Every structure is written in structure tokens, then in C-alpha cells.
Amino acid sequence: MKITAIRQQQKRADRYSVFVEGKYSFSLSESALLQSKLVSGQELSPQEVRDYKKLSADDKLYNRALRWVAMRPRTKWEVETYLARKDASPALISDILNKLSEIDLVDDEKFAETFLADRKLLRPSSKRKLVLELRKKRVPDEIVQKVMAEQAEDDEQIALQSVIERKRRQTKYQDNKKLM
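Definitions and cut-offs
Residues numbered from 1 in each chain as written. Predicted model: local features only at pLDDT ≥ 70, side-chain atom pairs only at ≥ 80, totals over all residues. Heavy atoms only, no water. Buried < 20%, exposed > 50% of the residue type's maximum accessible area, 1.4 Å probe, protein only. Helix = DSSP H or I, 4+ residues; strand = E, 2+ residues; numbered from the N terminus. Arc of directions from axis to C-beta. Contact = heavy atoms within 4.5 Å. pLDDT = per-residue confidence, 0-100. Pairing = 2+ DSSP bridges. Axes fitted to C-alpha atoms, helices over the stretch in contact; angles between N-to-C directions. Salt bridge = Lys/Arg side-chain N within 4 Å of Asp/Glu carboxyl O. Parallel < 35°, antiparallel > 145°, perpendicular 65-115°, else oblique. Left-handed = near helix turned anticlockwise from the far one by under 90°. Core = buried A, V, L, I, M, F, W, Y, C linked by side-chain atoms within 4.5 Å. Polar contact = N/O pair within 3.5 Å; in protein donor to acceptor, adjacent residues only side chain to side chain.

Taken together, the buried positions of helix H3 (residues 76–85) are Glu78, Val79, Tyr82 and Leu83. With its buried residues spanning 130 degrees around the axis, H3 presents them on a single face. Elements in contact with the buried residues of H3: helix H2 (46–71), helix H4 (90–102) and helix H5 (108–122). The first or second residue beyond H3 is Asp87, which carries a positive phi of 60 degrees.

Right, here's the structure in full:
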């Protein structure tokens, strides 16, 4: 079986279609195409074509995960469940997670730090609620404890004072007993 053409796709300029014996066979991303060292006129066995088709599917899934993770920080567990929903094999899931970890897109500790910073800025919450939310995202307990220890104790006091001030402006909380 001979590769007759390798063409850039019309709709997705970052992917290339590989034609075997004049018919479309599979597509690869730019990086996967360069790594595979495929060229027009190269002879492939039927087994190699099957292997490249599998590589194509894995490459598409990796690029989907890359786009999904680039939207916002994600935990390792979130990426695992996303890939599992896409019917990825456990070996492929661990491979993709390793690739994403190498380029620093999946890091539970960094996620926890940015999560706490965002919550502190946008929607202040108690430490207990923050810990529960991080556990819900399946961040390991030792990371949660480490990140929470780094957070200043007075942050909770400041958040509590802002809640009290906001509530005091409401007429039903003018009485101190109701506020308690």
C-alpha cells in the first residue's frame, strides 16, 4: 500500500489528510505527522495503516483534551473523567495525562492555588466550604492541606466582616440578635 498524497485539511488547517492508494485513509496533526515521518510515495503494510489509524484517533483525542484543558485549569481527576467519557483506554488516559502534565497544563497543586485565589477575589467563602469544593474536584488531601495552610488566617475574618457589613445594610438584620 502506497501513500499517494498528504494534504492539509480545508476546515482544520492544523491537521493533514493522508491518502493511501488514492483514497483518504487517516489524518494526523502537524506534530504527529512530523513524528511519524510519513512522506508521499512511502510504502506501508496493512498493519502499519491500522497502526496509523489508531494513532490518528489517539491524536484527535489528545488535541480535544488539550483544547478542553486550555479553557480553564483542571484537576487530574477532571481530565481523567473527561477522557473516560470519550471512551479512551486507561493506557491512553495515562499517556495523555503525562503529556499534559509535562507541559504544565494539569497540576493539582497549581489548580488548588488558582482556585483559592479566584474564590478569594470573586466569591469569598469559608475555609470549610473551600476544602469541600476542592475535595469535590478530587484534589488530594495533602495538597488541600498544604494550600489551605498557605492561605492567611485573617482572610476568613475579612470575609466574615464583609458579610456582616453587607447584612447590616438590610433592614431585617438591624437587630444584633438576628445577625448572630
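Moving on from the coordinates now.
Next up on the list: the confidence of the model for the protein. Per-residue confidence for the protein gives a mean pLDDT of 86; residues scoring 70 or more make up 93%. Within the protein, helix H9 (residues 176–179) has the poorest average pLDDT of any element, 63, and H3 the best, 94.

What follows is about the sheet that holds strand E2 (residues 15–20). With antiparallel pairing, 3 strands are arranged side by side in an open sheet as E1-E2-E3. In the strand order of this sheet, the two ends are held by strand E1 (3–8) and strand E3 (23–29), each with one partner. When the angles between neighbouring strand axes are averaged without regard to direction, this sheet yields 25 degrees. With 5 bridges connecting them, E1 and E2 associate as antiparallel partners. Bridge pairing in E2 places Ile6 opposite Val18. On the sheet, H2 packs against E2 and E3 and is oriented at approximately 45 degrees with respect to E3.

We now examine the pattern of salt bridges. One pass over the structure, following the stated rule, counts 9 salt bridges. The structure contains a network of salt bridges with shared partners spanning Arg72, Glu78 and Lys137.

Attention shifts here to the packing of H5 against helix H7 (residues 141–150). At a minimum axis separation of 10 Å, H5 and H7 run at an interaxial angle of 40 degrees. By the criterion of interaxial angle, the relationship of H5 to H7 is oblique. Between H5 and H7 lies a crossing whose hand is right-handed. Across the interface between the two elements, Asp108, Glu109, Ala112, Glu113 and Leu116 of H5 pack against Ile143, Lys146, Val147, Met148 and Glu150 of H7.

Take the nonpolar core next. One finds Val79, Leu83, Ile96 and Leu100 to be the most contacted residues of the largest nonpolar core, which totals 15 residues. Those elements that place two or more of their residues in this core are H2, H3 and H4. Residue contacts for Leu100: discarding those within four places in its chain leaves Tyr62, Ala65, Leu66, Val69, Val79, Leu105 and Val106.

Where burial is concerned, most of E2 is hidden: 6 out of the 6 residues are buried. By the alternation rule, side chains of E2 split into Arg15, Ser17 and Phe19 and Tyr16, Val18 and Val20, which are all buried. The loop that links E1 with its antiparallel partner E2 comprises 6 residues. Judged from the 6 bridges that link them, E2 and E3 form a sheet pairing that is antiparallel. From the neighbouring strand, Val20 faces E3, where its bridge partner is Lys23.

All right, on to the environment of Arg15 then. With respect to the helices and strands, the residue Arg15 is situated in strand E2. In this structure Arg15 comes out as buried when scored by relative accessible area, which is 1%. Sequence spacing of Arg15 and Ala32 is 17 residues, and the spatial spacing of their C-alpha atoms is 9.2 Å. Non-local contacts of Arg15, meaning those with residues more than four positions away in its chain, are made with Arg7, Gln8, Gln9, Ser27, Leu28, Ser29, Ser56, Asp59, Lys60 and Asn63.

The next point concerns the side chain of Arg119. Relative to the helices and strands, Arg119 resides in helix H5. Reaching out from Arg119, the side chain makes a polar contact with the side chain of Glu133 at a distance of 3.0 Å.

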